[in-house]
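Coordinate inspection notes
Next come the chains, spelled out residue by residue.
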Amino acid sequence: MHDLSTNETRKLTNELEVHHFNPAISGDIVVWGKDVGDKGDQIYMHDLSTNETKLIVNSSTFKWGIKLSGNKLVWYDILNNSDIYMYDLSTNEERRITNDSNNYLPSIDKNIIVWDRESGNGYDTDIYMFDLLTNEMRGISNNPSEDWGQSISMNRIVWNSGRTGGLDIYMFDLLTNELRRITYNPDSQHDPFISGNRIVWGDSRNGNSDIYMYDLLTNKETRITYGLSSQSPSSFSNNKIVWDDSRNGNYDIYMYELPEEPFCGDNVKDPSEECDGTDSDCPGMCDQTCICKKPQSKILNNNNQSVTGQLIIILQKNESGNWKDKQIFSQTGITIPANGLLKLDTGEDSNDNKVFPGWNNLNVSANEAGNYRIHTSFAITSNKIETNWEFEVR
């Protein structure tokens, strides 16, 4: 593991002649697989904040394609006819997601799992999705060509598609049910990743593969890498793209850092003032959306003892007088101290202890003009505390 803030590289495993594979990271948690031969694969977890390593999944099956988002990790199990599994670190519960075989390479973003599913003839692959909150499974792509290699962020799914004869990038928005073609070049575009409002992929239009980016806010395509060797993204998170590159003869790891995506939550004006989304209103927004109020959502615990319950945060949009759900976050086991205050914008209690990520670290995003609110409920057995924070996006 390499820490970009300290430039420190740390070795997390120390076993000789043991194959560790598929590392994934989310926050302070790193997970990976360990090959134990005929006994199958194990999955381990390391907490960077406590320096603790522990075994979390131990079964006699083979687990590939490990991915992690928050406290949930997913993989596909090739021994059980290649099905998708999920493990919740907060509850220590394992869950089988599919039971029909031919499911591969899952990705996860919060409570949404997506994966590639073969039809069985080996020539038709489609993208499927499962919502852990609603238990809904649905097919995202359905055409005779192959669709595979998906990535998900903020309810948007991207993947490779061969439906036009070549290989292009497509995107599906789960909130609007809109399918959108991203690339139109006749050469191959492949290995897409999405993070926030930006998509990156490998592109063969220049002979070898280079990395390109598409910005969904500006609808602008940008070439990222130039070189004689091939570059194709291995991962993309927030504003950082990483890949392996053979420009020096052997393969090394490279990173490209994009400008941070602007978030105007720290640059907002007084809600009584006009906001037209210009640079003066929200520095760096460049005429994109602007939120004209800073969140002050909070939950008070007036009891003389701590309370533990389930926290649910829902981003809702007012559509014709009705509040429609756009994004949902749920976490159990949240504890508010006696006579304490849970500050939802920072995810801290009244003593500045972090008790959950904070809604502004959950990729809560309102990219269309309109009236919104963040509806929050904290359920303790039969009692429920609810708060609303309303704001306008122009």
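Our subject is the structure listed above.
As the structure is a prediction and not an experimental result, all values here were calculated from the model.

Parameters at a glance
- Residues numbered from 1 in each chain as written.
- Predicted model: local features only at pLDDT ≥ 70, side-chain atom pairs only at ≥ 80, totals over all residues.
- Heavy atoms only, no water.
- Helix = DSSP H or I, 4+ residues; strand = E, 2+ residues; numbered from the N terminus.
- Buried < 20%, exposed > 50% of the residue type's maximum accessible area, 1.4 Å probe, protein only.
- Contact = heavy atoms within 4.5 Å.
- Areas by Shrake-Rupley, 256 points an atom, 1.4 Å probe, with all protein chains shown as cover.
- Pairing = 2+ DSSP bridges.
- Axes fitted to C-alpha atoms, helices over the stretch in contact; angles between N-to-C directions.
- Core = buried A, V, L, I, M, F, W, Y, C linked by side-chain atoms within 4.5 Å.
- Salt bridge = Lys/Arg side-chain N within 4 Å of Asp/Glu carboxyl O.
- Phe/Tyr/Trp six-rings, centres within 6.5 Å; stacked < 30°, edge-to-face > 60°.

**Some points on the overall build of the chain**
Assigned secondary structure in the chain consists of zero helices and 31 strands. Each of the 394 residues in the chain was classed as buried or not, and the buried ones make up 46%. Long-range contacts, defined here as pairs at least 24 residues apart, represent 35% of the contacts in the chain between residues at least 6 apart. Carbon and sulfur atoms form 44% of the exposed surface of the chain, whose accessible area is close to 19,700 Å².

**Observations concerning the sheet that holds strand β21 (residues 208-215)**
What the four strands build is an open sheet, ordered β19-β20-β21-β22; its pairing is antiparallel. The open sheet has two edge strands, β19 (189-195) and β22 (220-223), and neither has a second partner. Strand-to-strand twist in this sheet, taken as the mean axis angle between neighbours without regard to direction, amounts to 30°. In the sheet, strand β20 (residues 198-206) pairs with β21 via seven bridges, with the strands oriented antiparallel. Across the sheet, the residue bridging to Asp203 is Asp210, located in β21.

**Quick look at the nonpolar core**
Of all hydrophobic cores here, the largest spans 21 residues; its most connected members are Leu311, Ile313, Leu342, Phe356, Phe378 and Phe391. Elements with a contribution of two residues or more to this core: β27 (307-319), β28 (322-336), β30 (370-380) and β31 (383-393). With residues up to four places along the chain from it excluded, the contact list for Ile313 reads Gln327, Ile328, Phe329, Phe356, Trp359, Leu362, Ile374, His375 and Thr376. By size, the runner-up hydrophobic cluster in this structure holds 14 residues, among which are Ala24, Ile29, Val31 and Ile66.

**Focus on the pattern of salt bridges**
The tally for this structure, following the rule as stated, stands at 14 salt bridges. A salt bridge links Asp83 to Arg96, with the shortest nitrogen-to-oxygen separation between them at 2.8 Å. Highlighted residues: Asp83 in strand β9 (residues 83-88) and Arg96 in strand β10 (residues 93-96), separated in sequence by 13 residues. Note on Asp83: relative accessible area 1%, which makes it buried. Among the residues examined, Arg96 registers a relative accessible area of 37% and is labelled partly exposed. In this structure, the salt-bridge partner of Arg163 is Asp147, at a minimum N-O distance of 3.2 Å. You can see Arg163 sitting in the loop between β16 (156-161) and β17 (168-173) and its partner Asp147 sitting in strand β15 (residues 147-153), a full 16 residues away along the chain. Judged by its relative accessible area of 0%, Asp147 is buried.

**Quick look at the packing of aromatic side chains**
Each aromatic ring pair is described using two quantities: the centre-to-centre distance and the angle formed by the ring planes. Under the definition given, this model contains eight aromatic pairs. Their ring planes at 85° and their centres at 6.3 Å tell us that Trp64 and Tyr76 sit as a pair that is edge-to-face. With Trp64 in strand β7 (residues 63-69) and Tyr76 in strand β8 (residues 72-77), this pair connects stretches of sequence that are 12 residues apart. Judged by its relative accessible area of 40%, Trp64 falls in the partly exposed class. Residue Tyr76 is classed as buried on the basis of its relative accessible area of 9%. Look at Phe329 and Phe356: their rings are 6.2 Å apart centre to centre, the planes differ by 35°, and that puts the pair in the tilted class. Of this pair, Phe329 sits in strand β28 while Phe356 is found in the loop between β29 (341-343) and β30, placing the two residues 27 residues apart along the sequence. Judged by its relative accessible area of 11%, Phe329 is buried. In this structure Phe356 comes out as buried when scored by relative accessible area, which is 6%. Of the aromatic side chains, those joined through ring pairs into one cluster are Trp64, Tyr76 and Tyr104.

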